[in-house]
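Each chain is listed here by its residues.
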Amino acid sequence: MELNNVKEAFGGSTTVDVDVLICGAGPTGLVLAMDLARRGVSALLVEKSDRLFPGSRGKGLQPRTQEVLHDFGILDTVRAAGREYPRMLGWEGPDGTVRGREWDMMEVSEPTEQTPYANGLLIGQAHLQALLHDELRALGGEVVFDAELTGLDQDADAVTATFADGREVRARYLVAADGGRSTVRRLLGVAMNGDAVDPKPMLVADVVVAPDAFVDGDHWHAWTGASGGAVVLCPLPGAPRLFQLVAQYEDVEAVPDATPEGVRKLIATRTPVTADEITEVVWASEFRPRAALAERYRVGRVFLAGDAAHVHSPAGAQGLNTSVQDAYNLGWKLGQVLRHGAPAELLDTYEQERQPVAADVLGMSTRLHRQALLGGDSQRGNVVKQLGIGYRGGPLSSGAAGALEAGDRAPDGVLPEGRLFDLFSGPHFTLLAIGTEPPAVRSELVHVHTLSAYETYGRGLFLVRPDGYVGWAGETDRGLGEYLTRCGAAK
């Protein structure tokens, strides 16, 4: 079915057939739908709610995720809509008006030729989703809202999903991107294994603050010694005087009040900002920090991605970023199987690669959260930037050459015209012949480039996967053909 006919068919029929059904239109589902759209895969993206999520549960894009958005050609738009992280500013004194120390929450690094996006970008989740949605529509895709999945069944050929209004979708594959309380995961009976990071509750909200209120828009304001629990207000780009509130509670038994009145009261009680200076509460939610990992990422033809597969403490801004990269890993593999005849076993590598990454990220974010509770240094080091994540020793990593080993992130580099990242952009593989002659590769899915010596890579042949990692490397082309066949890219 043509991409631009999928939504129309679902709206006017009780049953529709597609290649991929994606449940959940958060960042995970939107990025996956974008990737499949540019690969010519028919996908239906459905959302239980009547609109995109309105709040900023997540608000930070790490450098590795920015590289993902560069591939899609929308990073300039996203960066223009975001901003650098403001400095933290602590407030002290009995009324919270005594200016304290300033510090950077995220370690600041200088961009390099290999890492052009060296620091995190601040942008609220709702704002990011709107930009992703715009890009999806430009690619011919759309979101179907008010589509509540209530049941699923699968056989050897497809998954049949049933919706609350009686409609059905039959898809060759289904991807659950429907959040930490995933309906799909529940229907599959997949357990989430993990623990509470902190027994004390928290509240997060997006609020609009009056122009003449105590807080400025140039700092991330923190009242760590506030009575009842620490509270921070972080200015968000995209709307005038929009702030994200994050509040902790000292009392384990506390029941956060997420109503507009409750949010206003909390802010007025713990900060110098008065209740009537909160002109709007855009969104609010209470939660208890938890770290949990799905015991399986795949059940037959159904995959779990994003928060449906892993839930994090908010420390370190890891959840949204790990989720986007789940979609980025799965998207090209679905495209190769569905459009280019790759063996179905290629899809097994999604869980094999991404589940260990999520386990490591969960451990790191939990350590950061508990370190902050103990009064440790609240600055987040470079580990949170996710540039060191890779797949060395993984099922799709073969060989080594020069300075790199298969599984490593493929670094950027400046060329006489453009950059390496520009060569990688698009739904294809890239074979770099650096300081050596390229082999004959007759595949429209593999773009071959011959480059002079580049120290960051060293001399050799480097096959960069569509998701920006070195999949195969060698001093000769021995084993390259076998690798391309395995990935459905040999012809």
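Structure: above.
These figures come from a predicted structure and were not determined experimentally.

Scoring rules and cut-offs
Residues numbered from 1 in each chain as written. Predicted model: local features only at pLDDT ≥ 70, side-chain atom pairs only at ≥ 80, totals over all residues. Heavy atoms only, no water. Core = buried A, V, L, I, M, F, W, Y, C linked by side-chain atoms within 4.5 Å. Buried < 20%, exposed > 50% of the residue type's maximum accessible area, 1.4 Å probe, protein only. Helix = DSSP H or I, 4+ residues; strand = E, 2+ residues; numbered from the N terminus. Contact = heavy atoms within 4.5 Å. Pairing = 2+ DSSP bridges. Axes fitted to C-alpha atoms, helices over the stretch in contact; angles between N-to-C directions. Parallel < 35°, antiparallel > 145°, perpendicular 65-115°, else oblique. Left-handed = near helix turned anticlockwise from the far one by under 90°. Nonpolar A, V, L, I, M, F, W, Y, C, P; charged D, E, K, R; others polar. Salt bridge = Lys/Arg side-chain N within 4 Å of Asp/Glu carboxyl O. Phe/Tyr/Trp six-rings, centres within 6.5 Å; stacked < 30°, edge-to-face > 60°. Lys NZ or Arg CZ within 6 Å of the ring centre and 35° of its normal. Expected span 1.5 Å × (residues − 1).

K.L.:
What is the right way to read the nonpolar core from this model?
P.N.:
Burial of nonpolar side chains together is a common tendency in soluble globular proteins. Grouped together as the largest cluster of nonpolar side chains are 112 residues, with contacts concentrated most on Leu21, Leu334, Leu432 and Tyr457. The biggest single contributor to this core is helix H8 (residues 319-340), with nine residues. Each residue touching Tyr457, except ones within four places of it in the same chain, is listed here: Ala401, Gly402, Ala403, Leu404, Ala410, Pro411, Leu420, Phe424, Leu432, Ile434 and Phe462. Listed in part, the 23 residues of the second largest apolar core include Ala205, Ala213, Val231 and Val263.

K.L.:
Please explain the pairing of strand E10 (residues 159-163) as it appears in this structure.
P.N.:
One face of the sheet, then the other: side chains in a regular strand alternate in exactly this way. The element E10 is extensively covered by neighbouring structure, given that four of its five residues are classed as buried. Strand direction decides the pairing type here: strand E9 (residues 149-154) and E10, joined by five bridges, are antiparallel. Residue pairing across strands places Leu152 opposite Ala161, the latter belonging to E10. Of the strand pairs in this sheet, E10 and strand E11 (residues 168-176) are connected by four bridges, and their pairing is antiparallel. Of the residues in E11, the one forming a bridge with Ala161 is Val169. Counting the residues that bridge the hairpin from E10 to E11 gives four residues, and of these Gly166 lies at a positive phi of roughly 95 degrees.

K.L.:
In this structure, what is going on with the packing of helix H3 (residues 63-71) against H8? I would like to understand it.
P.N.:
Two measures define how a pair of helices packs: the angle their axes make with one another and the distance between the axes. Contact geometry for H3 and H8: axes closest at 9 Å, N-to-C directions at 40 degrees. Accordingly, the angle class assigned to the pair H3 and H8 is oblique. Like other packed secondary-structure pairs, H3 and H8 cross with a definite hand, here left-handed. For the pair H3 and H8, contact is made by Arg64, Thr65, Val68 and Asp71 and by Asn321, Val324, Gln325 and Tyr328, respectively. When the residues that make up the contact of H3 with H8 are grouped by side-chain class, the tally is three nonpolar, three polar and two charged.

K.L.:
Honestly, the sheet that holds strand E21 (residues 310-311) in this entry has me stumped. Any pointers?
P.N.:
Note on sheets: strands pair through backbone hydrogen bonds, and any given pair is parallel or antiparallel. The three strands are arranged E12-E18-E21 in an open sheet whose pairing can be described as antiparallel. The open sheet has two edge strands, strand E12 (192-196) and E21, and neither has a second partner. Of the pairings in the sheet, the one linking E12 to strand E18 (residues 290-294) comprises five bridges and is antiparallel in character. Directly across from Asn193, in E18, lies its bridge partner Leu293.

K.L.:
Mind showing me how you'd approach the pattern of salt bridges here?
P.N.:
Two side chains with opposite charge may pair up if their charged atoms get near one another. A full pass over the atoms with the stated rule returns 20 salt bridges. One salt bridge in this structure joins Arg87 and Glu102, with 3.7 Å as the shortest N-O distance. You can see Arg87 sitting in strand E5 (residues 87-92) and its partner Glu102 sitting in strand E6 (residues 98-103), a full 15 residues away along the chain. For Arg87, a relative accessible area of 36% translates into the label partly exposed. Each of Asp35, Arg38, Arg39 and Asp71 takes part in salt bridges that share partners, so that together they form one network.

K.L.:
Where do I start with the packing of aromatic side chains in this structure?
P.N.:
We describe a pair of aromatic rings using the distance from one ring centre to the other and the angle between the two ring planes. Taken as a whole, this structure holds twelve aromatic pairs when the rule is applied. Aromatic pair Phe421 and Phe424: ring centres 6.2 Å apart, planes at 50 degrees, arrangement tilted. Taken together, the residues span about one helical turn, with Phe421 and Phe424 both in helix H10 (residues 420-424) at a distance of three residues. Classification of Phe421 by relative accessible area gives buried; the value is 7%. Judged by centre distance (5.4 Å) and plane angle (80 degrees), the rings of Tyr457 and Phe462 are edge-to-face. A residue is classified by how much of its surface remains accessible, and Tyr457, at 0% relative accessible area, is buried. Cluster of aromatic residues (ring-pair linked, three or more members): Tyr173, Tyr297, Phe303 and Tyr350. The ring centre of Phe72 lies 4.1 Å from the NZ or CZ of Arg38, which sits over that ring. Of note, Arg101 hangs over the ring of Trp103, and the distance from its end group to the ring centre comes to 3.9 Å.

K.L.:
Can you walk me through H8 in this structure?
P.N.:
With 22 residues, H8 should reach 32 Å at 1.5 Å per residue; the first-to-last C-alpha distance of 31 Å fits that figure. With 20 of 22 residues buried, H8 is to be regarded as a mostly interior element. Following H8 by one or two positions, Gly341 has its phi on the positive side, about 75 degrees.

K.L.:
For this particular structure, what's the right way to read unusual backbone geometry?
P.N.:
Where the residue is not glycine, phi is negative for most of them; where a peptide bond is considered, it is trans in most cases. Phi angles above zero are rare outside glycine, and Arg241 is one such case at about 60 degrees. If you trace the backbone, Arg241 turns up in the loop between strand E15 (231-235) and strand E16 (242-248). The backbone of Gln386 shows a phi angle near 65 degrees, a positive value even though the residue is not glycine. One can find Gln386 in the loop between helix H9 (348-373) and strand E22 (398-401).

K.L.:
Looking at this model, I keep getting lost on the sheet that holds E5. Mind explaining?
P.N.:
Taken in spatial order, the seven strands make up an open sheet running E6-E5-E14-E15-E16-E13-E17, and their pairing is mixed. Where the open sheet ends on each side, the last strands, each with one partner, are E6 and strand E17 (278-287). Across the sheet, the mean angle separating the axes of adjacent strands is 20 degrees when strand polarity is ignored. Relative to E16, strand E13 (residues 202-209) runs antiparallel, the two being bridged by seven bridges. In the sheet register, Ala205 faces E16, and the bridge partner there is Leu245.

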